[in-house]
Amino acid sequence: MSQGKILAGFVAPHPPHLVYAENPPQNEPRSEGGWEPLRWAYEKARKSIEELKPDVLLVHSPHWITTVGHHFLGVERLSGKSVDPIFPNLFRFAFDLNVDVDLAEACCGEAQALGLTAKMMRNPNFRVDYGTITTLHMVRPQWDIPVVGISANNSPYYLTLDEGVEEMERLGEATRRAIEKSGKRAVLLASNTFSHYHFHEEPEIPEDMSREHPQSYKGYKWDMRMIELMRRGEIREVMRLFPEWVEEAFAEVKSGAFPWMISAMEYPTTPAELHGYGTVIGTGNAVMEWRLAA
Ligand SMILES: [Fe+2]
């Protein structure tokens, strides 16, 4: 068996508005569209994934919160209805997904070997969170590639930020080791919004784009600064500024997906490609790709 590898990593944010705007048959609410530039950015990500033909998609979501340790989906097939607790008017999604349990178990084992508290999720009736689903649907609406779903232990929130980020970097290292030993070709998905300042009221028509713009100029400027560094391949500088970005832009990357992915990819100096940027209820969302393999 040849060594497995990470083909690419994507920042792939999960505002449920994007799924709502696409009107897929799985989602109950209907829309008139909206957030097109971000959805077109996801079309580019889909094309990349089509080219890469990965065996598995690994996604880390801030909205599957586990207080004790890092959990991995561990049931071969999961189906049911997922509802966004904040936007139940936009997201009531009938999901049906296949999990790569072998790789999930390997990731869990490697995480434990590196001293992290990690556990397999074996509840067959588990309701998969909207973050995991939105990211997966936006990058691969065919739902035909097995997934590894990873929870957010949110250690950067209750440990110091440095300690929390260090844990996520260890989880990334564990993920890479598991992928390499598996012989599989993997794509990583960090399900994160950048600046997370948002409006507190929804327009009467949620997809009324005349109401959509960055909520915070400061948050927007931080996002542009960080995206520019990523586009130049200056990932060490991104990680050096990470705590300030999190603090000043209230960035959702704090929940750990971003450092997990960057560490798993061994801090790539490959310039990231920005597929697109847009706001959703004022938050900053970038779809970005680090292509590691041809
Ligand atoms: Fe979120």
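Residues numbered from 1 in each chain as written. Predicted model: local features only at pLDDT ≥ 70, side-chain atom pairs only at ≥ 80, totals over all residues.

## Re the overall build of the protein
Here is step 1 of the chain: Along its length, the protein carries nine helices and 10 strands.
Here is step 2 of the chain: In summary, the protein has a C-alpha radius of gyration of 18 Å against a globular reference of 19 Å for 294 residues, a match within 12%.
Here is step 3 of the chain: When each of the 294 residues of the protein is scored for burial, the buried share is 50%.
Here is step 4 of the chain: Across the protein, contacts joining residues at least 24 apart in sequence account for 82% of those joining residues at least 6 apart. (Helix = DSSP H or I, 4+ residues; strand = E, 2+ residues; numbered from the N terminus. Rg over C-alpha atoms; globule rule 2.2 N^0.38 Å. Buried ≥ 20, exposed ≤ 12 C-beta atoms within 10 Å, placed from the backbone. Contact = placed C-beta atoms within 7 Å.)

## Quick word on the pairing of strand β3 (residues 70-73)
Here is step 1 of the chain: Alternating residues of β3 divide into His70 and Phe72 and His71 and Leu73, and every residue in both groups is buried.
Here is step 2 of the chain: Pairing geometry for β3 and strand β6 (residues 118-121), over four bridges, is parallel. Opposite His70, over in β6, you have Ala118 as the bridge partner. (Pairing = 2+ DSSP bridges.)

## Structural notes on helix α9 (residues 257-264)
Here is step 1 of the chain: The buried count for α9 comes to eight of eight residues, which makes it a mostly enclosed element.
Here is step 2 of the chain: Among all positions of α9, only Ala257, Phe258, Pro259, Trp260, Met261, Ile262, Ser263 and Ala264 are buried.
Here is step 3 of the chain: Contacts made by the buried residues of α9 are with β1 (5-11), β2 (56-65), α6 (161-182), β8 (185-190) and α8 (235-249).

## Points about the environment of Ala264
Here is step 1 of the chain: Looking at where Ala264 falls in the secondary structure, it is placed in helix α9.
Here is step 2 of the chain: Remark: the alpha-carbon pair of Ala264 and Leu171, spanning 93 residues in sequence, is separated by 7.9 Å.
Here is step 3 of the chain: In this view, Ala264 contacts Ile6, Gly172, Thr175, Arg176 and Leu188; residues no more than four positions away in its chain are not counted.

## What about unusual backbone geometry?
Here is step 1 of the chain: In this structure, Asn23 takes a positive phi of about 55 degrees despite not being glycine.
Here is step 2 of the chain: Position of Asn23 relative to the elements: it lies in the loop between α1 (16-22) and α2 (36-52).
Here is step 3 of the chain: With a phi angle near 40 degrees, Ile281 is a residue other than glycine that sits in the positive phi range.
Here is step 4 of the chain: According to the C-beta neighbour criterion, Ile281 is partly exposed, with 19 such atoms within 10 Å.

## Quick look at the pairing of strand β10 (residues 283-291)
Here is step 1 of the chain: The element β10 is largely enclosed, with a buried count of eight among its nine residues.
Here is step 2 of the chain: Direction of pairing for β1 relative to β10: antiparallel, over a ladder of four bridges. Paired with Gly9 across the strands is Trp290, a residue of β10.
Here is step 3 of the chain: The pairing of strand β9 (residues 273-280) with β10 spans seven bridges and is antiparallel. When the sheet's bridge partners are listed, Gly276 is paired in β10 with Val287.

## Topic: the environment of Pro85
Here is step 1 of the chain: As for its placement among the helices and strands, Pro85 is situated in the loop between β4 (77-83) and β5 (92-98).
Here is step 2 of the chain: Take Pro85: there are 9 C-beta atoms within 10 Å of it, and that puts it in the exposed class.
Here is step 3 of the chain: C-alpha separation for the pair Pro85 and Leu188, spaced 103 residues apart in sequence, amounts to 26 Å.

Treat this as a map of the structure, not an account of what it does.
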